[in-house]
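# Chains, contacts and geometry: an overview
What follows is the residue order along each chain.
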Amino acid sequence: MRNKKTKLTRKFGMKVRLERAKRRLSQEALAEMADLSKKTICAIEAGTTTPSLETANDIANAFQIPLHEFLNNIEKIEI
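Keep in mind that this is a model prediction, so the values were computed, not measured. Throughout, a residue's number is its position along its own chain's written sequence, starting from 1. The predicted nature of this model means local features are confined to residues of pLDDT at least 70 and side-chain atom pairs, given and counted, to a pLDDT of 80 or more, with totals for whole chains, interfaces and linings taken over all residues. As a rule here, side-chain values cover all heavy atoms of the structure and leave hydrogens and water aside.

### A short note on the pattern of salt bridges
- We define a salt bridge as a contact between a side-chain nitrogen of Lys or Arg and a carboxyl oxygen of Asp or Glu at a distance within 4 Å. Within the structure shown, the criterion is met by 4 salt bridges.
- Taking the shortest distance from any N to any O, the salt bridge between Arg17 and Glu45 comes out at 3.8 Å. Of this pair, Arg17 sits in helix 1 (residues 2–22) while Glu45 sits in helix 3 (residues 38–46); the two residues are 28 residues apart in sequence, bridging distant segments of the chain.
- Between Arg20 and Glu45 there is a salt bridge, and its shortest N-O distance comes to 2.6 Å. You can see Arg20 sitting in helix 1 and its partner Glu45 sitting in helix 3, a full 25 residues away along the chain. Put simply, DSSP marks the helices as runs of H or I at least four residues long and the strands as runs of E at least two long, and each gets a number from the N terminus on.

What follows is the structure, given as structure tokens:
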């Protein structure tokens, strides 16, 4: 079970990184938009921390994407 959780955490981080890059945002800019620290964004993108539902929602809102849409097809992301 832990391996599955770790894999999902890494996929979420990759989704954040891809969306951020698509919008040409720095980690610092995204952190400011989501009211999070740059360290938190970095850890999420690296897959070393699992964001809370609230944090995931803050990130999706920063991208102006509803959380359910942001999470759509996340399991298909290749890591």
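### Side note on the packing of helix 2 (residues 27–34) against helix 3
- Where helices are involved, their axes are fitted lines through C-alpha atoms of the stretch in contact, as for all axes, and angles between N-to-C directions lie from 0 to 180°. Helix 3 packs onto helix 2 with a crossing angle of 110 degrees between their chain directions and a minimal axis gap of 8 Å. Considering their axes alone, helix 2 and helix 3 lie roughly perpendicular with respect to each other. As for how helix 2 packs across helix 3, the hand of that crossing is right-handed. Listed contacts from helix 3 to Gln27, Glu28, Leu30 and Ala31 of helix 2 are Lys38, Ile41, Cys42 and Glu45.
- For the contact of helix 2 with helix 3, the per-class residue count stands at 4 nonpolar, 1 polar and 3 charged. Put simply, angles under 35 degrees are roughly parallel, angles over 145 are roughly antiparallel, angles from 65 to 115 are roughly perpendicular, and the rest are oblique. Two helices cross in a left-handed way if the nearer one is turned anticlockwise from the farther one by less than a right angle. They cross in a right-handed way if the turn is clockwise. Contacts are residue-level and defined by heavy atoms, with any inter-residue pair within 4.5 Å sufficient. Ten residues, namely Ala, Val, Leu, Ile, Met, Phe, Trp, Tyr, Cys and Pro, are considered nonpolar, four, namely Asp, Glu, Lys and Arg, are considered charged, and the remaining ones, Gly among them, are considered polar.

### Considerations on the packing of aromatic side chains
- Pairs were defined over the aromatic rings of Phe, Tyr and Trp, the Trp ring being its six-membered one, requiring ring centres within 6.5 Å. Orientation was assigned from the angle between planes: stacked under 30 degrees, edge-to-face over 60, tilted for the rest. For the structure shown, the criterion picks out 2 aromatic pairs.
- Taking the centre distance of 5.7 Å and the plane angle of 75 degrees together, the rings of Phe12 and Phe70 count as edge-to-face. With Phe12 in helix 1 and Phe70 in helix 5 (residues 67–71), this pair connects stretches of sequence that are 58 residues apart. Here Phe12 and Phe70 have matching classes, each one buried.
- Centroid distance Phe63 to Phe70: 5.8 Å. Interplanar angle 20 degrees. Geometry classified as stacked. Like Phe70, Phe63 is buried.
- Any Lys NZ or Arg CZ found within 6 Å of a ring centre and within 35 degrees of that ring's normal is scored as a charge over the ring. Over the ring of Phe70 we find Lys15, and its NZ or CZ is 5.4 Å from the ring centre. Burial status follows relative accessibility: with a 1.4 Å probe on protein chains alone, a residue under 20% of its type maximum counts as buried, one over 50% as exposed, and anything between as partly exposed.

### Overview of helix 3
- Buried within helix 3 are the following residues: Ile41, Ala43, Ile44 and Glu45.
- Residue Gly47 follows helix 3 closely and has a positive phi angle near 75 degrees.

### Thoughts on unusual backbone geometry
- Here Arg24, not a glycine, exhibits a phi torsion of approximately 55 degrees, which is positive.
- Inspection of the secondary structure assignment puts Arg24 in the loop between helix 1 and helix 2.
- The phi torsion at Gln64 lies on the positive side, around 60 degrees, for a residue other than glycine.
- Within the secondary structure, Gln64 is located in the loop between helix 4 (53–62) and helix 5.

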